[in-house]
Amino acid sequence: MKNEEYSISERIKKFLRRASTKLIFVGTLFAVITIYFLLPNTISTDNAYVKSTKVHIVSEVSGFINEIFVTDNTRVSKNDKLLKIDDTNLVFEYKKVLEELALTEKKLIRHKKLNDGKFVPTREFEDSQTAYKLNLIKKAELEYKISNTLITSPIYGIVTQQVLEPGQYIVAHKPLFFVVNADSVWIKANFKETQIKKIKPGQKADVKVDSYPNLVFKGEVDTISPAAGSEFSALPIDMSYGNFVKIVQRIPVKIRVKNTDNLLKPGMSATVSIHSK
């Protein structure tokens, strides 16, 4: 009888030990899972802005505007006409150069024949060659200028800051206005250097802009800058002398984003949340 009671008691103890071990394991697992899901799995910043491709439109030649084909906020395709510069003077110069080129070519041919027969000094023949080459250069330069009096759009986009009028004089290589590719936008998010270790290309991101607080634009981490934004400033801070104040630096992160209904406009402020898990 005592042996039976002892056997039952031992079985109960073993059962309780096993049960307690399982309970501890289950409890630990539950705690780990709970902590994992309760800890924040997003990295956020409101130091972010909408960016896009933006091209300065410049003229290769100076002159008076003859015709303008676009106004501010006009949507254009690649190679669409933007404006035409008056080429009257250039065409007049080009015709004169063609006449001079024809004369110098005849003179060069004549001097070459005489030089072959030793009837003309070598110096005159070389001068004829030089004059002919200079006119060829002038011809090529004028052809280049005339071809560039018609300015076309280099990209698909929207014209902005266009305030020019026909008859206005423009200077070569000076910016005239912009063409912005508003359909191809991305987000430049400046995260703290203490956040960057958790960010990797390919992670999903949610983007909100102040203009549409109830909308969430889906995005994805594209690239991470190799240096802090301060490294590219015009006057980088030198901390090698004087009083030192530690400042948390910002690392730019490029976020590809779906521009639903073209609502995102370059320059808009944004808030970015990256899903790090």
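Before going into details, it helps to say that this report is about the structure given with it. (Residues numbered from 1 in each chain as written. Predicted model: local features only at pLDDT ≥ 70, side-chain atom pairs only at ≥ 80, totals over all residues. Heavy atoms only, no water.)

Overview of the overall build of the chain
Broken down by element type, the chain carries three helices and twelve strands. Nonlocal contacts in the chain, meaning residues at least 24 apart in sequence, comprise 78% of its contacts between residues at least 6 apart. Of the roughly 19,200 Å² of accessible surface on the chain, 57% is carried by carbon and sulfur atoms. (Helix = DSSP H or I, 4+ residues; strand = E, 2+ residues; numbered from the N terminus. Contact = heavy atoms within 4.5 Å. Areas by Shrake-Rupley, 256 points an atom, 1.4 Å probe, with all protein chains shown as cover.)

Remarks on the pairing of strand β2 (residues 63-68)
Pairing analysis gives two bridges linking β2 to strand β7 (residues 169-170), with the strands arranged antiparallel. Bridged to F64 within β7 is Y169. Where β2 and strand β4 (residues 81-85) come together, three bridges link them in antiparallel fashion. For I68, the partnering residue across the bridge sits in β4 and is L83. (Pairing = 2+ DSSP bridges.)

Quick look at the packing of aromatic side chains
Per the counting criterion, the structure on display carries one aromatic pair. Ring geometry for F64 and Y169: centres 5.0 Å apart, planes at 70°, overall edge-to-face. Taken together, the positions of F64 in strand β2 and Y169 in strand β7 put the pair 105 residues apart, joining distant regions of the chain. On the basis of relative accessible area, Y169 is assigned to the partly exposed category, the value being 47%. Cation over ring: K54 sits above F178, and NZ or CZ is 5.3 Å from the ring centre. When the ring centre of W186 is taken as reference, the NZ or CZ atom of K254 above it lies at 4.7 Å. (Phe/Tyr/Trp six-rings, centres within 6.5 Å; stacked < 30°, edge-to-face > 60°. Buried < 20%, exposed > 50% of the residue type's maximum accessible area, 1.4 Å probe, protein only. Lys NZ or Arg CZ within 6 Å of the ring centre and 35° of its normal.)

A few points about unusual backbone geometry
Peptide bonds are, in most cases, trans, and in most cases residues other than glycine have a negative phi. Not every positive phi belongs to a glycine, and N73 is a case in point at roughly 70°. Within the secondary structure, N73 is located in the loop between β2 and β3 (75-76). One non-glycine residue, N262, lies in positive phi territory at about 55°. Take N262: it is sitting in the loop between β11 (250-257) and β12 (269-275).

Re the side chain of Q195
Topologically, Q195 is positioned in the loop between β8 (177-192) and β9 (204-209). On the basis of relative accessible area, Q195 is assigned to the buried category, the value being 18%. A distance of 3.2 Å separates the side chain of Q195 from the backbone oxygen of S44, its partner in a polar contact. Residues within four places of Q195 in sequence aside, it is in contact with I43 and S44. (Polar contact = N/O pair within 3.5 Å; in protein donor to acceptor, adjacent residues only side chain to side chain.)

Side note on the nonpolar core
In this structure, I187, F191, I199, V207, I255, V272 and I274 are the most contacted members of the largest nonpolar core, which totals 25 residues. Put simply, the parts of the chain that give this core at least two residues each are β1 (42-57), β8, β9, β10 (212-224), β11 and β12. Excluding residues within four positions of it along the chain, I274 makes contact with N41, T42, I43, F191, I199, Q203, K204, A205, V221 and I255. (Core = buried A, V, L, I, M, F, W, Y, C linked by side-chain atoms within 4.5 Å.)

Focus: the environment of K84
Structurally, K84 can be placed in strand β4. Expressed as a C-alpha distance, the spacing of K84 and S59, which sit 25 residues apart in the sequence, is 9.9 Å. Residues contacting K84, with those up to four places away along its chain left out, are F64, I65, N66, E67, F69, T149 and L150. In this structure the side chain of K84 is engaged in a polar contact, spanning 3.1 Å, whose partner is the side chain of T149.

Comments concerning the pattern of salt bridges
Here the structure, examined in full by the defined rule, presents seven salt bridges. Between K84 and D87 there is a salt bridge; the shortest N-O distance is 3.4 Å. For D87, a relative accessible area of 21% translates into the label partly exposed. Among the salt bridges present, the one from D206 reaches K218, with a minimum N-O distance of 3.0 Å. (Salt bridge = Lys/Arg side-chain N within 4 Å of Asp/Glu carboxyl O.)

Some words on the environment of K208
One can find K208 in strand β9. Residue classification places K208 among the partly exposed residues on the basis of a relative accessible area of 40%. Not counting the four nearest positions on each side in its chain, K208 is found in contact with P213, L215, V216, S269, A270 and T271.

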